[in-house]
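Survey of secondary and tertiary structure
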Amino acid sequence: MSNTSGLAPGRLTGQFRESALPGWEERTPSTPGDVLSVLSSYRSLFALTGQAYVVVAFIARLPLAMSQMGTLLLVAGVSGSYGAGGVAAGAIAITNAIGSPLAGAISDRIGQRPVLLVQSVAGSALLALLVVLSSLGAPWQALAAVAGAAGLFLPQVGTMARVRWREIAADKGTDRFRLTSAAFSYEGAADEASFVLGPAIVGLGAAFVSPSGSLILAAVLLAVFGLWFALHPTVAVAAGHPAGPRSGPLLTPLLVGLTLGTLCVGAVFGSVQTGTTALATEAGQAGYAGLLHALLGVGSVVAGLTVAAIPARFTFANRLPVFGAALALFALPLLAVHSIGALAAVLLVLGLAVAPYLITVYSACEATVDPRRLGAAMMALAASTSLGYALGSSLAGQIADRSGYTGAYAVTVGACVAALVLALVIRPALGRAQRAAG
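Because the structure is a prediction, the values reported are computed rather than measured.

**As for the confidence of the model for the chain**
Looking at the chain as a whole, the pLDDT averages 82, with 88% of positions reaching at least 70. Ranking the elements of the chain by mean pLDDT puts helix α1 (residues 13–17) last, at 44, and helix α6 (residues 112–135) first, at 95. Between residues 1–36, whose pLDDT stays under 50, and residues either more than four places distant or in other chains, the model counts 65 contacts.

Structure, rendered in structure tokens:
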């Protein structure tokens, strides 16, 4: 790996700790006897970077989570059309799905720092421009175009953080799997938490200030914490790889299968949001839709944090079908819910299967993809999630117009069943790839 800082990847612990927040104590990584302790694994992991990095990386991912709902409310408010707001918000999702893999491929070559610097500055400026143009009475089509441009630059911080954790844990010997597992479990839970907290911040901002105030906050957070994430010493382990021979094609059948897995999960998110909005509106409690959808994320966060406790002998090839089966089983009751109370319970339980499935997909990618292409591969997974969200939301919306919220939830069940079938199909290839990678 090319390392322009002169620091050795995986041996930066002392350098990282210097950047920790005041009062953060250094901790010695736990002994092998602590492997079964989830808290010990997380303490060992965060001690490698310091608390500041964990805080910065979490806050830096909030602008992406805030931008879609913030844009929807802003454009809908100034145009008087929720359709126009939906187009603008959808433009962010689509362009981000296109731009993220490109950003990942470029960061694999030249490193994360220059990519993140450009993304943070351009993304922040375009979000601010969106607010300015809306205040000047620009047509909604122009606002949608600017929103699409912003989506092209909004960074997938969680995905880039996963790439860094892999390199940070690379030389930890027998602790490597434990630390990497903890890292991917945490990042999965952090992503889920950001997509619960982000829209909540936008909702509160819109209620007490304005939708434009929420987008300005997102722009400021990206400018400050996006740049901080780009300049943090951990970026040295993701300094890029010089041009040279590759070990094979990036788009392997296995990676395609894993990408389809995240597409299924994205479709779950999108269809659940649509179905929940339809049910809450029919019940005369439309304002509860956001809170109900957040329950899916709450259950997902809780389950995601516990994935680090799963032993290595329970391989990814075996985990994925188990978590896929849990998705399909836990989604079935959605076809029978007819009240907000019942829906809340079902969504909370369904969330317990979402994060483990998604974390397993990302972990399998990390274990089987050429490290020189890991950024592009993981960005493809993130982009597929966004596309799945748009697809699931659109399809569920069309069905809900004809069949109500139960029809929308049928899309959720179908996506979960597809995730299970996909896991069974790619299981042999995933097992062979994991054994080959050691």
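**Side note on the environment of H232**
Inspection of the secondary structure puts H232 in the loop between α10 (211–231) and α11 (253–282). Through-space distance from the C-alpha of H232 to that of T49 is 9.8 Å; in sequence the pair is 183 residues apart.

**Focus: the environment of L258**
By the secondary structure assignment, L258 is in helix α11. Residues L258 and T360 lie 102 residues apart in sequence; the distance between their C-alpha atoms is 9.6 Å. Leaving out residues up to four positions away in the same chain, L258 has contacts with V361, A364, C365, L381 and I426.

**Concerning the packing of aromatic side chains**
For any pair of aromatic rings, geometry is given as the distance between the ring centres together with the angle between the planes. Considering all chains together, one arrives at six aromatic pairs under this definition. When the ring of Y53 is compared with that of F229, the centres are 6.0 Å apart and the planes differ by 25°; the resulting orientation is stacked. Of this pair, Y53 sits in helix α3 (residues 51–60) while F229 sits in helix α10, and the two are 176 residues apart along the sequence. Each member of the pair, Y53 together with F229, is buried.

**A word on the nonpolar core**
With 112 residues, the main nonpolar core has F229, L258, L327, L343, L350, Y357 and C365 as its most contacted residues. Here this core gets 16 residues from one element, more than from any other, and that element is helix α15 (residues 374–437). Ignoring sequence-local partners within four residues, the contact set of L350 consists of V272, L296, L327, F330, A331, L334 and T412.

**Notes on the pattern of salt bridges**
With the rule as written, the count across this model stands at five salt bridges. The shortest N-O distance in the salt bridge between E187 and R61 comes to 2.8 Å. Here E187, found in helix α9 (residues 176–208), pairs with R61, found in the loop between α3 and α4 (62–79); they are 126 residues apart in sequence, far enough to count as distant. Like R61, E187 is buried. Put simply, E167 and R166 hold a salt bridge, and the shortest N to O gap is 3.6 Å. Note on accessibility: E167 and R166 belong to one class, buried. Each of R61, R162, E187 and D191 takes part in salt bridges that share partners, so that together they form one network.

**Section: α10**
Between its first and last C-alpha atoms α10 spans 30 Å; for 21 residues at 1.5 Å apiece the expected length is 30 Å, and the two agree. Of all the positions in α10, only S214, L215, A218, A219, L221, L222, F225, G226, F229 and A230 are classed as buried. Check the buried side of α10 and you find it contacts α3, α4, α6, α8 (157–168) and α9.

Definitions and limits used
Residues numbered from 1 in each chain as written. Predicted model: local features only at pLDDT ≥ 70, side-chain atom pairs only at ≥ 80, totals over all residues. Heavy atoms only, no water. pLDDT = per-residue confidence, 0-100. Helix = DSSP H or I, 4+ residues; strand = E, 2+ residues; numbered from the N terminus. Contact = heavy atoms within 4.5 Å. Phe/Tyr/Trp six-rings, centres within 6.5 Å; stacked < 30°, edge-to-face > 60°. Buried < 20%, exposed > 50% of the residue type's maximum accessible area, 1.4 Å probe, protein only. Core = buried A, V, L, I, M, F, W, Y, C linked by side-chain atoms within 4.5 Å. Salt bridge = Lys/Arg side-chain N within 4 Å of Asp/Glu carboxyl O. Expected span 1.5 Å × (residues − 1).

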